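Below, each chain spelled out in residue letters.
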Amino acid sequence: MRKKAPILFIRILLIFPLVLCILTGCGKKGPPVPPGAKPVPPIADLRVTLGNNRIWLSWSIPDDVKKMKTEIKGFSIYRSKTSSSEPECTDCPAAYKRIAQIPHVSQTKISGTEVPISYEDRVEPGNRYIYTVSLILEDGRESPASNPVQFSY
């Protein structure tokens, strides 16, 4: 009996730190953020213009991003598409898919105003669409999703 007690004690000592590490985890982890890095503000003025089987999204870069030291790499375009025949669920989360990642091209100014950034996409009749855009910085950080724009076509 004396030989079993030390073996049991050693097993407990080895298993306890493992269990402690597992139980003290804080859940879902986000991407690494450099120390002292400010969060990237989201695009707040996403707009949509409807055309014949096409839409044009347009937005501008937030002023807080223009003041950041990191350059803008580009933008991710996300879309949720559901059939108009399905019942609309306002409480359900939208199932977004990234449909494009576009590079950032320096904005040119026309008469002192900045030209908005834009993206064109094809749409099909009989569907509900929701679009969002996020900004990607050169250091790899991505902003939260922009304001959603939604419409039925």
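Parameters and conventions
- Residues numbered from 1 in each chain as written.
- Predicted model: local features only at pLDDT ≥ 70, side-chain atom pairs only at ≥ 80, totals over all residues.
- Heavy atoms only, no water.
- Core = buried A, V, L, I, M, F, W, Y, C linked by side-chain atoms within 4.5 Å.
- Buried < 20%, exposed > 50% of the residue type's maximum accessible area, 1.4 Å probe, protein only.
- Helix = DSSP H or I, 4+ residues; strand = E, 2+ residues; numbered from the N terminus.
- Contact = heavy atoms within 4.5 Å.
- Phe/Tyr/Trp six-rings, centres within 6.5 Å; stacked < 30°, edge-to-face > 60°.
- Pairing = 2+ DSSP bridges.
- Axes fitted to C-alpha atoms, helices over the stretch in contact; angles between N-to-C directions.
- 1 Å grid on protein atoms, 1.4 Å probe; cavity = no way out; pocket = protein on both sides within 12 Å on 5 of 7 lines; lining within 4 Å.
- Points joined across faces, edges and corners; volume = space filled by probe spheres on them.
- Nonpolar A, V, L, I, M, F, W, Y, C, P; charged D, E, K, R; others polar.
- Polar contact = N/O pair within 3.5 Å; in protein donor to acceptor, adjacent residues only side chain to side chain.

Draft legend 1. Up close: the nonpolar core. L57, W59, V65, F75, I77, Y131 and L135 are the most contacted members of the largest nonpolar core, which has 24 residues in total. If you tally residues by element for this core, the top one is strand 8 (residues 127–137), at five residues. Those residues within four positions of L57 in sequence are excluded, and the remaining contacts are L46, R47, V48, I77, I117, S118, Y119, Y131 and V149.

Draft legend 2. Quick look at the packing of aromatic side chains. Under the defined criterion, the tally for this structure stands at four aromatic pairs. Relative to F151, the ring of Y129 lies with its centre 5.5 Å away and its plane at 25°, an arrangement referred to as stacked. One end of the pair, Y129, is in strand 8; the other, F151, is in strand 9 (residues 149–152), and 22 residues separate them in sequence. We classify F151 as buried; its relative accessible area is 10%. An aromatic cluster is built from Y129, Y131 and F151, whose rings are joined through pairwise contacts.

Draft legend 3. Seen up close, the pairing of strand 3 (residues 72–83). Sheet analysis places strand 3 next to strand 8, joined by eleven bridges and oriented antiparallel. Looking at the pairing, F75 lines up with L135 of strand 8. The pairing of strand 3 with strand 4 (residues 97–103) spans six bridges and is antiparallel. Directly across from I77, in strand 4, lies its bridge partner A100.

Draft legend 4. Examining the sheet that holds strand 7 (residues 117–122) more closely. In spatial order, the strands read 1-2-7; together these three strands make up an open sheet with antiparallel pairing. The strands lining the two open edges of the sheet, one partner per strand, are strand 1 (47–50) and strand 7. Between one strand axis and the next, the sheet turns by 20° as a mean value, whatever way the strands run. Of the pairings in the sheet, the one linking strand 1 to strand 2 (residues 54–59) comprises four bridges and is antiparallel in character. Note that in strand 2 the partner of V48 across the bridge is L57.

Draft legend 5. Layout of the layout of surface pockets. In this structure, the largest pocket encloses a volume near 390 Å³. In this structure, the largest pocket is lined by 18 residues; those nearest its centre are T82, E88, C89, R128 and I130. Every element with two or more residues in the lining of the largest pocket is listed here: strand 3, strand 8 and strand 9. A breakdown of the residues in the lining of the largest pocket according to their chemical character gives nine nonpolar, five polar and four charged.

Draft legend 6. Representation of the side chain of R141 in the model. Following the sequence through the fold, R141 ends up in the loop between strand 8 and strand 9. In this structure R141 comes out as buried when scored by relative accessible area, which is 11%. Reaching out from R141, the side chain makes a polar contact with the side chain of D139 at a distance of 2.9 Å.

Draft legend 7. Inspection of the pairing of strand 7 at higher detail. Alternating positions in strand 7 separate cleanly, I117, Y119 and D121 being buried on one face and S118, E120 and R122 remaining unburied on the opposite face. Pairing between strand 2 and strand 7: six bridges, direction antiparallel. What sits directly across from W59, in strand 7, is I117.

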